[in-house]
Amino acid sequence: MKAPAESRPSSFEAIFAAYAVVATFALGYGYWRLATRQNEQDARIEQQRQEQQAAVTRLQREADDKRATDDLEIQVISLASPHLSKLRESGREAATSQRIVSAAAELLSSKGRPALAQMAEKIRVETAPITPPGAWLVFLATLPGEDLKLAEEVATEKLRAAKDLGTVSTVSIYKTRLKGRYVVVLGDPVGRSAALVAAAEARRNKLSADAFAEPDGGWELIGTAPFRTETRSASSN
């Protein structure tokens, strides 16, 4: 028995129903895509906000660091300034001032502020004694660069020994540039022949068993003996 005609869906109703399903899906998909894009846009905006905030924080931190370094530079230069004039002098007090200036300059240079180091170097260059071209020095002793007191004691003792031998001369302390050592030098810079003769005489007179001559490397003159020294205790000996 056949169903009544009006109970069966017509072709138009079937198409309309299919269209409704498709339209509902398309509308739902469209809403989903819109929501997804909105979420992506919100995520990008949040990322940009975080990046901008990080940039502002970084700039603020750099400004604070620069301000702190500026304050440090002013304080260190203020402390070192009274000692700059002693870069031209010799002796124990001057050597102490030179170490203070050197430490202060090294600290500021490590912070990217080389002004004090440049100023100190300029003072040293302008006040350094002029060494004749081809000058040689007579070395009596080579000592570690971190023990100026020991170098002063050795230089003073070498001067005393030279006077006992009847040798009228000077004994000075230089600091080498490459290795930063202290060297005890007999006399002033002289020519090669004179330096070789003086070194041979120093060895012969037992002023220094290993005295030798070497070309002046443009080293820094620290001071000239005698220095005020303190007697080392028996325990230190």
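Just so we're clear, the structure is a prediction, and the values are computed from it rather than from any experiment.

## A short note on the overall build of the protein chain
And step 1. A count of helical and extended segments in the protein chain gives five helices and five strands.
And step 2. Counting from the amino terminus, helix and strand elements in the protein chain follow one another as α-α-α-β-α-β-β-α-β-β.
And step 3. For the protein chain, the residues scored as buried account for 27% of the 237 residues in total.
And step 4. The long-range fraction of contacts in the protein chain, counting pairs at least 24 apart against all pairs at least 6 apart in sequence, stands at 71%.
And step 5. For the protein chain, the exposed area adds up to about 16200 Å²; of that, 57% sits on carbon and sulfur atoms.

## Things to note about the confidence of the model for the protein chain
And step 1. Per-residue pLDDT for the protein chain averages 81, and the proportion of residues at 70 or more is 85%.
And step 2. Predicted confidence in the protein chain is weakest over helix α3 (residues 115-127), with a mean pLDDT of 75, and strongest over strand β1 (residues 136-143), with 94.
And step 3. Confidence drops under pLDDT 50 across residues 231-237; counting only partners more than four residues distant or on other chains, this segment forms five contacts.

## Here's the deal with the pattern of salt bridges
Should the charged atoms of two oppositely charged side chains come close, the side chains can pair.
And step 1. Inspection of the entire model under this criterion finds seven salt bridges.
And step 2. With its nearest N and O atoms 2.7 Å apart, the salt bridge here joins D70 to R113. Linking D70 in helix α1 (residues 11-84) with R113 in the loop between α2 (92-110) and α3, this pair joins segments that are 43 residues apart in sequence.
And step 3. Judged by relative accessible area, R113 falls into the buried class, the value being 17%.
And step 4. Each member of the salt-bridge network shares a partner with another, and the members are K66, D70, E73 and R113.

## Looking at helix α4 (residues 148-164)
And step 1. If you check α4, its first and last C-alpha atoms are 24 Å apart, about what 17 residues at 1.5 Å a residue would give, namely 24 Å.
And step 2. Looking at the buried positions of α4, the neighbouring elements they touch are α2, β1, β2 (171-175), β3 (182-190) and β5 (220-224).
And step 3. One or two positions beyond α4, positive phi appears at G166, with a value near 80°.

## Quick word on the layout of surface pockets
And step 1. Put simply, the second largest pocket is a space of about 180 Å³.
And step 2. Lining the second largest pocket are 14 residues, with T167, S169, L186, A198 and E201 sitting closest to its centre.
And step 3. Secondary structure elements with two or more residues in the lining of the second largest pocket: β3 and α5 (192-204).
And step 4. Broken down by class, the residue content of the lining of the second largest pocket amounts to eight nonpolar, four polar and two charged.

## Brief notes about the nonpolar core
And step 1. Among the nonpolar cores identified, the biggest contains 26 residues, and L140, A155, V171, I173, Y182, V184 and L186 are the most heavily contacted of them.
And step 2. Elements with a contribution of two residues or more to this core: β1, α4, β2, β3 and α5.
And step 3. What L186 contacts, discounting residues up to four positions off in sequence, is V138, L140, S169, T170, V171, A202 and L207.
And step 4. Ranked by size, the runner-up nonpolar core spans 11 residues in total, among them A80, L84, A105 and A120.

The rules behind each value
Residues numbered from 1 in each chain as written. Predicted model: local features only at pLDDT ≥ 70, side-chain atom pairs only at ≥ 80, totals over all residues. Heavy atoms only, no water. Helix = DSSP H or I, 4+ residues; strand = E, 2+ residues; numbered from the N terminus. Buried < 20%, exposed > 50% of the residue type's maximum accessible area, 1.4 Å probe, protein only. Contact = heavy atoms within 4.5 Å. Areas by Shrake-Rupley, 256 points an atom, 1.4 Å probe, with all protein chains shown as cover. pLDDT = per-residue confidence, 0-100. Salt bridge = Lys/Arg side-chain N within 4 Å of Asp/Glu carboxyl O. Expected span 1.5 Å × (residues − 1). 1 Å grid on protein atoms, 1.4 Å probe; cavity = no way out; pocket = protein on both sides within 12 Å on 5 of 7 lines; lining within 4 Å. Points joined across faces, edges and corners; volume = space filled by probe spheres on them. Nonpolar A, V, L, I, M, F, W, Y, C, P; charged D, E, K, R; others polar. Core = buried A, V, L, I, M, F, W, Y, C linked by side-chain atoms within 4.5 Å.

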